[in-house]
Amino acid sequence: MSEAEQLPDVVPLLASNELVTFPSMLLPLAVGKEAWVRAIDSVAPTHKTFAVFYQPETVDPPTVESLAKIGCAGRIVRMLRLPDGSIQLLFQALTRVRVVEITQTDPFPVARLETVPETGERTMETKGLSENLRAQFQKLVREAPNMPEEMGVVITNLDEPGRIADFVAANSDLSLSDKQRLLEELDVNERLRQATVLVTHELEVVAIGSRIQSQIREQMDKGQREYYLRAQLKAIQEELGETDQNEAATADLRERIEKAGMPEEARKEAEHELERLNQMNPMAPEVGYIRTYLEWMASMPWSTSTQDSLDLIEAQRVLDEDHYDLEKVKDRIIDYLAVRKLKADMRGPILCFVGPPGVGKTSLGQSIARALGRKFVRMSLGGVRDEAEIRGFRRTYVGAMPGRILQGIRRAETNNPVFMLDEVDKLGADFRGDPSAALLEVLDPEQNHSFVDHFLDVSFDLSKVMFIATANQLDTMPPALLDRMEIIELAGYSEEQKLEIARRYLMPKQVKEHGISPEAFDLPEETLRTIIERYTREAGVRNLEREIATICRHAARRIAEGKTQIAFTPQDLDDLLGAPRFHYDTAEAKDEVGVATGMAWTPVGGDILFVEARAVPGHGGLILTGHLGEVMRESAQAGLTYLRSRAEALGLPENFHEKFDIHVHVPAGAIPKDGPSAGVTIASAMISALTRRPILHNVAMTGEITLRGRVLPVGGIPDKILAAHRAGLNTIVLPRENERDLNEIPEPIRRDLTFILVEHMDELLRAVLQPEVVTEEPNLEPVGAGLRPA
Ligand code: ADP
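Please read these numbers as outputs of a predicted model, since none were measured by experiment. Throughout this description, residue numbers start from 1 for each chain and increase along the sequence as written. Note on the predicted model: pLDDT of at least 70 is required for a residue's local features to be given, and 80 or more for side-chain atom pairs to be given and counted; whole-chain, interface and lining totals, by contrast, use all residues. For side-chain calculations, the full set of non-hydrogen atoms in the structure is used, while hydrogens and water are omitted.

With respect to the helices and strands, threonine 196 occurs in helix H6 (residues 188–240). For threonine 196, a relative accessible area of 10% puts it in the buried group. Filtering out sequence-adjacent residues up to four positions away, threonine 196 remains in contact with Leu129, Asn132 and Leu133. Segments assigned H or I by DSSP are reported as helices when at least four residues long, segments assigned E as strands when at least two residues long, and all are numbered from the N terminus. Three labels apply to residues, based on accessible area from a 1.4 Å probe with only protein chains included: buried if under 20% of the type maximum, exposed if over 50%, partly exposed otherwise in between. By definition in these notes, contact holds between two residues if any of their heavy atoms fall within 4.5 Å.

Turning our attention to the nonpolar core. Residues grouped as a nonpolar core are buried Ala, Val, Leu, Ile, Met, Phe, Trp, Tyr and Cys residues, joined through side-chain atoms within 4.5 Å. Of all hydrophobic cores here, the largest spans 54 residues; its most connected members are Trp302, Leu421, Leu439 and Leu456. Among the elements that line this core, the one with the most residues is helix H9 (residues 286–299), at 7 residues. The residues touching tryptophan 302, leaving out its near neighbours within four places in the chain, are Ala260, Gly261, Met262, Pro263, Ala266, Met297, Asn415, Leu456, Val458, Ser459 and Phe460.

For the rest of this paragraph, the subject is the packing of helix H10 (residues 312–322) against helix H12 (residues 361–372). Angular values range over 0 to 180 degrees, each being the angle between N-to-C directions of two axes fitted as lines to C-alpha atoms, with helices fitted over their stretch in contact. Viewed as axis vectors pointing N to C, H10 and H12 meet at an angle of 145 degrees, and their least axial separation amounts to 9 Å. In terms of crossing hand, the pair formed by H10 and H12 is right-handed. In this structure, H10 contributes Ala315, Val318, Leu319, Glu321 and Asp322 to the contact, and H12 contributes Leu364, Ser367, Arg370 and Ala371. For the contact of H10 with H12, a count of residues per class yields 5 nonpolar, 1 polar and 3 charged. Two helices crossing with the near one rotated counterclockwise from the far one by less than a right angle form a left-handed crossing, whereas a clockwise rotation gives a right-handed crossing. Note on residue categories: nonpolar means Ala, Val, Leu, Ile, Met, Phe, Trp, Tyr, Cys or Pro, charged means Asp, Glu, Lys or Arg, and polar means any other residue, Gly included.

This brings us to empty space enclosed by the protein. In this analysis, the protein atoms alone were mapped onto a 1 Å grid. Cavities are point sets where a 1.4 Å probe fits without being able to get out; pockets are open sets with protein on both sides within 12 Å along at least five of seven lines; lining residues have an atom within 4 Å of a point. Grid points are joined across faces, edges and corners, and a volume is the space filled by probe spheres set on the points. The tally for this structure, following the rule as stated, stands at 4 cavities of 30 Å³ or more. Around the second largest cavity sit Gly620, Gly621, Leu640, Arg644, Phe656, His657, Phe660, Ile662 and Leu690, which together line it. Broken down by class, the residue content of the lining of the second largest cavity amounts to 5 nonpolar, 3 polar and 1 charged.

All right, on to the pattern of salt bridges then. Any Lys or Arg side-chain nitrogen located within 4 Å of an Asp or Glu carboxyl oxygen qualifies as a salt bridge. Inspection of every chain in the model, using the stated rule, returns 54 salt bridges. Notably, a salt bridge pairs glutamate 389 with arginine 404, separated by 2.6 Å at the nearest N-O pair. Residue glutamate 389 is found in helix H13 (residues 387–391), and its partner arginine 404 is found in helix H14 (residues 404–412); the two are separated by 15 residues along the sequence. Glutamate 389 sits in the partly exposed class, given a relative accessible area of 23%. Across the pair glutamate 500 and arginine 504 runs a salt bridge, and its minimum N-O distance is 3.0 Å. One end of the pair, glutamate 500, and the other, arginine 504, are both in helix H17 (residues 495–513), 4 residues apart, so they sit about a helical turn from each other. Arginine 504 sits in the partly exposed class, given a relative accessible area of 49%. Among the ionic contacts, a cluster of salt bridges with common partners joins Arg96, Glu118, Arg122, Glu160, Arg163, Asp166 and Arg191.

Here the focus is the site of the ligand. In this text, near means that some heavy atom of the residue lies within 4 Å of the molecule or strand in question. Within the structure, the ligand sits among 18 residues, and Gly358, Lys361, Thr362, Lys509 and Arg542 are positioned closest to it. A distance of 2.7 Å separates an oxygen atom of the ligand from a polar atom in the backbone of glycine 358. Polar contact is defined as a pair of N or O atoms within 3.5 Å, subject to the rule that within protein one atom must be able to donate a hydrogen and the other to accept it, and that residues adjacent in sequence are counted only when both atoms are side-chain atoms. In this structure, tyrosine 493 approaches the ligand through a side-chain N or O atom, which is 3.0 Å from a nitrogen atom. Using the Shrake-Rupley algorithm and a 1.4 Å probe, accessible areas are obtained, with residue cover drawn only from the displayed protein chains. Alone, the ligand offers 560 Å² of accessible surface; in the complex the protein occludes 90% of this. Of all the secondary structure elements, the ones that give two or more residues to the shell around the ligand are H12, H17 and helix H19 (542–560). Each residue belonging to the shell around the ligand can be placed in one class, and the counts come to 8 nonpolar, 5 polar and 5 charged.

The subject of this paragraph is helix H18 (residues 525–535). Within the sequence span of H18, burial applies to Thr527, Leu528, Ile531, Ile532 and Tyr535. The buried side chains of H18 occupy one side of the element, clustering within an arc of 140 degrees when seen end-on. The inward-facing, buried residues of H18 abut H17, H19 and helix H20 (573–577). Here the arc refers to the directions that run from the helix axis out to each C-beta atom.

So, on to the packing of helix H23 (residues 679–691) against helix H26 (residues 761–768). As a packed pair, H23 and H26 sit with axes 11 Å apart at the nearest point and diverge in direction by 60 degrees. Taken together, the axes of H23 and H26 lie oblique to each other. In this structure, H23 meets H26 at a crossing whose hand is right-handed. Residues Val680, Ala683, Ser684 and Ile687 of H23 lie in contact with H26, whose contacting residues are Met761, Leu764 and Leu765. Working definition: roughly parallel below 35 degrees, roughly antiparallel above 145 degrees, roughly perpendicular at 65 to 115 degrees, and oblique for all remaining angles.

A few words now on a nonpolar patch on the surface. Residues enter patches when they are more than 30% accessible in relative terms and free of salt bridges; like-charged ones are connected within 9 Å and nonpolar ones (Val, Leu, Ile, Met, Phe, Trp, Tyr) within 5 Å. A cluster of nonpolar residues, Ile208, Ile212 and Ile216, forms a patch on the protein surface that exposes about 250 Å² of accessible area. Here isoleucine 208 is to be found in helix H6.

In structure tokens, the structure reads:
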């Protein structure tokens, strides 16, 4: 209501507990009450003005006290009379007013009013407050979900600070009493401030609301999305007839899992994965992995085991039936089984057979399994460098599989097989982890009852498994593993033993395998011996068995061609097996000066070697030929130094070394020539050459020599002795400390041989040097007479 316009003297008064309005607001009103309809009718044709007051508690007719202190006077701007007699109108509030007196109550209340001016100075603060309020309100319009955008436009167009506050108050979500409070606040700055507080509060409420809203939406979205996708997938699967297929395809797995007798942990995991599989699209890439996993889980022998029949007499019988000789080895196996019988929990060391290939390590393991009534599996550890090969690859890798241990167990189909771990000495270790650590865990009875393979990822009980290890040599065995092993060494067989093994075991076995009747075919002893000597060079009998198999194939063919009786002679072997492959050195035919026979050890068994020495005119030099290794060269030097220190006792002139060079040569191409064990042989050859006394040709020797002539023990004695025996030597000179090794020599061979045990080179020389001085080379006089044999 502008300054010019005055309020009419008295105007009708609308009291309501439902609305508070502010100057400048347009208020739509539906008026049905008869008294009010009449009031409006009374002003409509003239000044169209009335007043609206908030009345918290209804009092009819209204009294001044019942009304709020301040209300709004305004004018009707549009009006619509409805058929039912009620009126729809648009009321434009114009100014704050106060009731001076109520002049009439019947038929409707009428009051005399006075306008109430705003107070407060318009300062910079007013401007700041109103700008801020406008901005806040616009923000509210943007963020509150239910406020029309136009409000933001309207407030932009308001200049009057009082109107800004009023507009905000009218359009915020405030309680009526809060609104009334703002209506009654006449100080514009204060009203702006209060409105700002209200809007800020409102904004916070909206922010919290929208945060909650978005959280809810997120959850809803996710849930709905999943629900929606699953529903879709299901529909598609049904359309394709796959749900049934899924269930059908896993039904078999489910049954096997149920029957597998898994422990709780494994069963839970399997069922969980099975559930996942059922829910999956059959095309999903994981389906393959999960299937493989479940196949493995279902086929592990969780609770399948064989019943042990631990009868020691039966065990002995089985071992004897399968193996020739090896008495000591069998004894130790029986001892081991006896302890097992008394102590059922399988704790204690792991048996480990050590020896060259083909000596029967595997077949002993098989016999143990047979004797116990257990399944037998073997796995080679040769070249295993990756821990994962023992412990498996994690399921997340493409093509992942359990490690070799569990693979073996699955193959055994029982959880208590005899499990042979071959070539433990060839286990590697590098950046991919230390497989021997994993293996230790497998073998450790404290830990192996809950062995966790990375692939299965649940523990499997290995404690009932009987592990047996095999190795070719002990040197390269990881020490931690060695600690856990009970070592049983198998040295290799002599020719005689091989002959027996071939006759009694290999031949019958191969003849049977080739479907030949034993009466129709035999190999005479002489032929077998030739095969052993000329076609194989090995400590064991593996190649021998192979050659016999080849011959059996030929025999089978001839029988198929109609022959009834076959016996191959040594002369036939060229045709059957080709030209002989090996030639062994045999003992020298007669005693010679400067030639000593040594014994060497190689991985395929022992061999003999000849050391030749010659003294030639010179200046004390030592010439070494024959591709000698470093250690062997040093033993030659040591031998020479010893020789010089003993010149007098040996009958050599004091300055002999100034007139001679000594040339030592070791022929025999195939043998690796390193190691200290030829020390005594080299020294003997040199002394023989210098003293011109021949060395007995039937004597083989081995031993390390010190500068003072002491003879120290060396390794590989059994193999060396077998080789010497094979070569036809009948006297063996050994370091005394090697005496204990003689127990390992098979009795028939030991009987053929004479052993001389020595501690000092002097003893050795006395035994092997012939007394006569030979001077067949006229220009080389002997340099001394040397020690006489005792
Ligand atoms: P390793 O495991 O030591 O390499 P194997 O156990 O495979 O050797 O033996 C090779 C073959 O020789 C097998 O057929 C085995 O039965 C046979 N064999 C080895 N030693 C004997 C023995 N003492 N008596 C009978 N057969 C033997």
